[in-house]
Each structure stands twice: as structure tokens, then as C-alpha cells.
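Structural overview for review
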Amino acid sequence: MKSTNSASVKNQGFIFHRKKIFSGISILFFLSLVVNISQGALIPPEKSEIIIPENANPIVQFSAEELQKHLELISKHKIPISSKKTNAPFKFYVGIISENDKTPLNPEEARYRITPSSVYIYGDDAMLENIQAPLGSVLARSNRAGTLFAVYCFLEDQFGIKWPEPGDDRIVFTVQKNFNLPEKNYSWAPKLVRRCIRPIYNETMQDVPEKLRWTETEYAKRGNDIQIWLKRMRMGRSINIRYGHAFVTWWDKYGKTHPEYFALNEKGKRGPINPERPYFIKMCVSNPDLHKAIVKEWWTNPKTNKDTINTCENDGDGYCTCPECMKLDSDTGGDVEHKSFTDRYVFFTNSILAEAKKFNPEVKATMYAYAGYVQPPVRQRVSKDVIIGFVPSMLSDFQETDNMYKSWRNAGANEMFLRPNDQQCNTGLPVGFEKRLFDAFQIGAKNDIIGTDYDSLYNFWSITGISEYVLARAISDPSKSFEYWEEEYCSIYGPAKDDVKEFFRYWRNNFERRILPDKARIAELYGNFQKGLMPQMSKYYSLDDFDRTDAILRKGDAKKLSPAEHNRLEELILGNRHSRLTYEATVKTGQEKFDAAKKLLAFRIENKDKLNISWPRLAAIERKCGDTTGVQAFSKMQEFDNIAPTPFLWSFRIDPQNIGQTEKWQESYPKDINKWDRAQTNTNWENLRRHTSPELIEKLKNYDGIAWYATSLKIDREWQGKEIFLYFGAVDESCQLYINGKLAGERIYQHEEDWRTPFYIRIDPMIDWNLEKQKVVVRVEDKSGNGGIWQSVWLTTKEK
Ligand SMILES: [Zn+2]
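Residues numbered from 1 in each chain as written. Predicted model: local features only at pLDDT ≥ 70, side-chain atom pairs only at ≥ 80, totals over all residues. Heavy atoms only, no water.

1. Concerning the side chain of N612
Note the threshold: Where helices and strands are cited, they refer to DSSP runs of H or I of at least four residues and of E of at least two residues respectively, numbered from the N terminus. Whenever a nitrogen or oxygen atom comes within 3.5 Å of another N or O atom, the pair is scored as a polar contact, on the condition that within protein one atom can donate a hydrogen and the other can accept it, and that pairs from neighbouring residues in sequence are kept only if both atoms are in side chains.
Mapped onto the secondary structure, N612 falls in the loop between helix 21 (590–606) and helix 22 (615–624). Within polar-contact distance, the side chain of N612 engages the side chain of E165 at 2.9 Å.

This is the structure we're talking about:
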């Protein structure tokens, strides 16, 4: 890795400053300005200039542009940026250290100094990563951008600028004809040496209905705006450490030659539990040869950072069951789901670190405290140079989380950073979790974490923007209270501030009184809080909530607001309208659901750009949770004339011996159906919970093979004469469809995406109109990973 010494960047500025700054200015004029300003005169923007060093690095260049852009918003005057001599009496020096400032800068420190004739805005910059893309170097995560932070501190303090959301059109400012800049020295340095919220997660346009999609250009711009917003929130890092699931490519690389590196799984094999997901394999952490191999890879790979060695285990299940690994555990409990594997993982990291120190005595190792190894160790002590990425949950009991921090510390963990997935509780409805998120962060801050890495921004700004804002601000300054940031955020609504506060408090109460006390039950439903909450909206929200919150916002809207404040409030009102429609589409069933989905989609399309919501993210979680609103099914079914839902619960049985076809299960319905179990058709069979028997749920864990679904459907007689189809939202992987015992068609898994894409099969030739109900049987075969009918099934028609 190439590195530019940050000292040389500073030097450059300093030399420039001494040689050139004063050379072109008339001394007399300069003096008169001093007098004027000290008497309280205002600085006219047209008599100002922004000065940067010659050969300014991209961070300084961008800092000057950000300053220019914001000063133009405020004053309606574009102040020129230059590195040449100039006659302008007032100067904004960007990336140039004030001559009187002899104190060295701390990492990422931001300073500004206002004198009667100038402002010096500078900080600790370092170009460690040189990325060619537009703004690549500025936004590169490794680079330190103290000067940019100094610009933002200056704009915030001196002009009251706020950035409640990404995008320049969302900047909050007050117009000022002239600048009032009393003398001042200011410095900000981060308390946390890593301040990170990941910008986006797993976004794809594939699930987004066509008219709601962004073009590539729009998408790129949004991504850029989000990255800039994170800088405006002072996200950055003073140190670079390597971590993250470290061995995701190891099975592909070493599976054949060194199977002994990998966990002996519960099936008695060394290999991935799911061959399609080799990146989820776990390691045989007691194996000393593996420790050596990891160190060798780290040391010989020219691309890896030699200051830290990453020992974070992969995600997924399948902890090693070999006797040597088992011996390392202090917890001998048999229940794999509840057992603590921490001692073996601390041993693993300590051993790798000891080996790595033979190559670099200064090296530090990173490991996660996560999943089955989140509990503090009992036997092992954490070596001095191990950095722990701790992954607690904001839904856990706070006292327990606090105790865990302290126990990890007592076990030797000197440096811990917070790596939460707490934002994953977002559903797209007003969650009201901003205070909980803030408090969970504060437990870490009070336990002296060195930084954060949140996964990730949801970008549902018009709905839950307050949670992202408060969290980012708290990370940049952990010393302030929730109420401080709440006040700051709500003040952008001017005279409607208190109404907006009341609005957010309403939803916060909803979270704290209705949702949070029920967290265990919600999470249990599908083994995940978000997946459990989304389909159960009717339990935790009501139409009354939307009526009341709308009324609160209308109260604010009746006040005398500036046009900008009014627009911001309108966005919130629109966001709440979106939430209401989402709620309605989620809780309704049958034809009503279909109508609600149609209305919701039309609303989304109409307000696609007015609402600051990440449509791909929203589509992804709605799909993941079983197309809760029905929007995806609806948007894909627009070519059909009629659409009707099929039951949510179908009869279900597994067929591990593959005897169903020979025993003619496709015909057995409804005679034997009482022998069958039941299954939902909107989730994989691995995730079946409430409606299926516990014995079958147990058998379905990691079940690969054949299973049968059956139901009976009453078909509208008015459809006679039309082409009729069964439309499947998605089946994982292949299936045959039988109507009244006859094969209507099949879908065989061929393409990579087939498990998640919709398809339909024509059924009208098999329909017996003499029957009250038609017998529908689906045989599903799944060869690996999740399986089953996991997205809703619909009846549809087309005119012949
Ligand atoms: Zn092992």
C-alpha cells in the first residue's frame, strides 16, 4: 500500500502560506478591513476568495468546493477558488495551516481559525488510498480528511448549516447577505478512532417494480450523496484495521488439499453444510497447521495490511465437532444453539497472533465477539494485542450487554469496537427505535469502545431519517444526550419543531410499549426480528396510529413556516401517508390486499422522487419477508385480467424416500389429507414455525429433498372460458403442479436465479367445473439450501 506522509501535506500548505499569502495585498487596504471587522462590520462575499495550496490533494480540493457550495447557498454568491495571488480583502484559506498555529494535529483533527481578514480551515489529511473514480480519494475509507471535517465544523458553527439527509437539495441553511465572523479558534478531534455506518447494503434493482427503478446515473448519484453525507457527519477513521469474515474463500482454495483446516460438521464431514454456500464454512480452530497457514497467507500476500491480522470466523452454522476443538470449550453443554464457543475462538486468535508476531512483533489481531462466541471467554485470556469487534443486539437487555463489555475487558480485551446489526430492525414503517439505537451505542461509548462499524444505513429518510441522523451525530460526539440531537434534528422544522418531536415520540412510544416487550415472540416467529415484525403489523400498528400522527403533523403544518420548512414537513406527512398505505397493504388479505398493493404501488410511483426512500432496499426487505405488501406480486402480474389469492396455509408433508409419485400422492387429496401437516406458502420450509407441528419443524432443519403441498381452490365460475393460471411468487427449487390428479406443468431449476423468480402454469384444461373445489397438489424438490414454496401463490386469468 502506498502512503503519502501526512506531514508532507501539512508542510506543503505551510510553505505556501509563508511565501505567497501576503505578497499581493495592499497593506493599507488590509489594515482598513481589520478595523472595519473589529468594529463588527460584515464580510461581503463578493470581496472574499477561497485559497488552496498549489497541487492541493483531492481532499483539500473537495473541501474548498464544499465550502464554496455552501457559502453560495447562504449568500447567493459564488466565491472563486484559487491558488494564485489575489486582491480580495477577505480570504478563506483551505488546507493551509495558520502561521500562528504551532501545535501538531492529532489524527483526523479539524481546526479553523478566524482572524479579522481571513479564516484558516485545515486539518489532518492523509492520502493512503488513491482511487481514481470521481471523488474516489475523498471518499476512500482509509483516507483521513481533517480539512474536510474542518469545513463542516466551520459551516455548522458559524452559519448553522445542517445536513439532515443526504443530497445537496436537503441542506438546511439561512440566507445571509454578508458574513458575520467574529474571531475564533476552534478544534475538533474524534473521540472514536473509527466512526463507520456502512452506506448501503445488498441493493439490487431486480426486485424493484419497473416504474420505481432508478437509472444507473440516478443510482450512482444517490450513492455519492450518501457517502458525502457520511463525511458531513464526520464519519472516518484514524486507524486502519483489517477484519470481517476472514475465510470465505478458503474452502474453494484449500478444500481439496487441506480438508483438515475445516470444521468437522455435525454430518461428520469436513466440508460446507450447504455446498452452495462454501463461504459459510467454519474452521477447525484447534489445528496448529491452520494457524500457520493463515499467518503465511497474511504475510506473503502483498495486498494485506501488515499491521493487523484478521482472524474473524466465517458466518453461518457448523462449529467444529472434532475432539481437539471440543476440548478447548469451557462450555460442555450439548445444545449447539445455546452453547458458547468463545474459549476456542480466543485460543484460535491468540495462537495466530503469537505466530504472526514472529514476522511483525507489533502486529495486532482482530476477532469478532459474535453469534456462538459473543459471550466473554471463561478459561482463555485475550492477548494484549487483540482487537475485538463486538456484535451485541440493541434488543438484548442493556444490563446484560453492559456486563458483557465488562467481562470481555476483565478477560483482557483492551480494544473493542462496536459492530452492530441494529438497523436491521427497520421495516420501512415508522419503527420508533431511534432512542433505543442511541442508548445501545452509549453502552459501548461508556465502556470505551474505540469505534463503530454499523451495518448499515437503511436510507428510508422520509420515515426513519431521525434514527440515522441521531446515530451518526452520536458517533461523532458521544458526549451529548439523545435529547440534544433530537432537538437539533427537529429544529429544521422551524416553528413546527415541537409537533415533529411529538410525532416521533408517538412512534417511539409505540416501539417501547407495544413492540419491544414482545421482542422474543416477534423474533421467534421466523428466527429473525425483522422477518417476524413485518408480517405482523396488525398487532403492533393500527389505523388509529396513523390518524393520530397525521393530526400531529397537520397541527405543525398550520403554523407559519418558511417555504423550506414547509417542504420538509410535507415530506414527513408524505412519509406517514406511505406508512399508512404500507400498513394497509400488509394487513389486508384476499382481493382487498390486491387492491391495497395496487394503491401503494401507484403512490410509490407518483412520489418516487419526492420521498427520500431507498426503493431497492425496501423491495429487498419486503421480498425477504415474503412480499408482505403484495406489491411485488402485483407489479409482476399486471399482464393478467383477474387475480385472486390462494390460502396462506396449505397441507404439507415431506417425502424423504421419494415414494409420493408411486403412491400417487398427487391423487390422494382430499381422502388422506388429514394425515398431512400444514405449512405456510410464504416462507421456506426451513423457516416454518407456528402452523407446523414441532416434530416436523425439527425434521425440516436443513432438510434437502422432496415435499408436497396441497390445497383446494374454489374458482370463480365467471372465469370459465378464460385461460387460468397458478402464479407462483417463487419456488425453491423445482416443482410439479397437479390439478385434480393430473400434471398441469412443471418448473425445473435451471438458471441461477430460478429459486427466486416468479413463474406461472396454465391450469384451465385440468379444471373440472362440476367440482365445487379443484384439488391442487405441488411436489417440490430442493437439492440444497432453503426449499419450498416461499412466496405467495395466486390464481390469475388472461382472455383467450
Ligand atoms: Zn476442530
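2. Description of the nonpolar core
Here is the rule: The set of buried Ala, Val, Leu, Ile, Met, Phe, Trp, Tyr and Cys residues whose side-chain atoms join them within 4.5 Å is what this entry labels a nonpolar core. Any residue under 20% of the maximum accessible area for its type is buried, any over 50% is exposed, and the rest in between are partly exposed; the area is computed with a 1.4 Å probe on protein chains only. It only takes one pair of heavy atoms within 4.5 Å for two residues to be counted as in contact.
With 183 residues, the main nonpolar core has L67, F92, F154, L181, W250, W408 and F441 as its most contacted residues. Sequence-distant contacts of W250, defined by excluding residues within four places in its chain, comprise G255, Y261, F262, M283, L290, A293, I294 and E297. Counting 35 residues, the second largest nonpolar core, distinct from the first, contains L696, A707, I761 and V776.

3. What about the domain arrangement of the protein?
Heads up, the condition is: Domain extents, as shown, originate in an automatic or database domain assignment. Two parts placed together each lose some accessible area under a 1.4 Å probe, and adding up what both lose gives the buried area. A carboxyl oxygen of Asp or Glu within 4 Å of a side-chain nitrogen of Lys or Arg is what we treat as a salt bridge. Side-chain classes are defined by residue name, with Ala, Val, Leu, Ile, Met, Phe, Trp, Tyr, Cys and Pro counting as nonpolar, Asp, Glu, Lys and Arg as charged, and the others, Gly among them, as polar.
For the protein, the assigned domains read domain 1 (6–189), domain 2 (250–419), domain 3 (434–625) and domain 4 (642–798). Between domain 2 and domain 4, the C-alpha centre-to-centre distance is 42 Å. Contacts between the two partners involve 5 residues from domain 2 and, on the opposite side, 5 residues from domain 4. For the pair domain 2 and domain 4, the two sides together bury roughly 390 Å², of which 30% comes from carbon and sulfur. The three residues of domain 2 that bury the most area against domain 4 are N274, E276 and E337, which together make up 58% of that side's buried surface. Summed over the shared surface of domain 2 and domain 4, the result is 0 salt bridges. Partitioning the side of domain 2 that touches domain 4 into residue classes produces 1 nonpolar, 1 polar and 3 charged.

4. Some words on the coordination of the zinc ion
Basically, it comes down to this: Metal coordination here is assigned from N, O and S atoms located within 2.8 Å of the ion, or within 3.2 Å for Na, K and Ca; omission of water means that sites may look incomplete.
Protein-derived coordination of the zinc ion comes from C284 (SG), C320 (SG), C322 (SG) and C325 (SG), at a distance range of 2.3 to 2.4 Å. Written as a sequence motif, the donor residues of the zinc ion are C-x35-C-x1-C-x2-C. As far as the burial class goes, C320 and C325 line up, both buried.

5. A short note on helix 21
An α-helical turn contains 3.6 residues, so a residue and the one three or four places further along point in the same direction. The cut-off we apply is this: How far a helix is expected to stretch is found by multiplying one less than its residue total by 1.5 Å.
Between its terminal C-alpha atoms helix 21 stretches 25 Å, which fits the 24 Å expected from 17 residues at 1.5 Å a residue. All of the buried residues along helix 21 are K593, F594, A596, A597, L600, L601, F603 and R604. Those residues of helix 21 hidden inside the fold are in contact with helix 20 (563–587), helix 22, helix 23 (631–636), strand 16 (642–645) and strand 25 (788–798).

6. Regarding the side chain of R617
Considering the arrangement of structural elements, one finds R617 in helix 22. Given a relative accessible area of 2%, R617 falls into the buried group. Apart from residues lying up to four places away in sequence, R617 is in contact with Y201, E203, Q424, S456, L457, Y458 and F460.

7. Some details on the sheet that holds strand 18 (residues 677–680)
Worth spelling out the cut-off: Here the rule is simple: two strands pair whenever DSSP picks up at least two bridges between them. Think of each axis as a best-fit line through the C-alpha atoms, taken over the contacting stretch in the case of a helix, with angles from 0 to 180 degrees between the N-to-C directions.
Across the sheet, which stays open at both edges, the 6 strands sit in the order 18-17-19-24-21-22 with antiparallel pairing between neighbours. Looking at strand neighbours, the two that pair on one side only are strand 18 and strand 22 (742–747), the edges of this open sheet. Across this sheet, the average inter-strand angle for adjacent strands is 30°, counted without regard to direction. Alignment of strand 17 (residues 649–654) against strand 19 (residues 705–713), held across 4 bridges, turns out to be antiparallel. Residue pairing across strands places S651 opposite A710, the latter belonging to strand 19.

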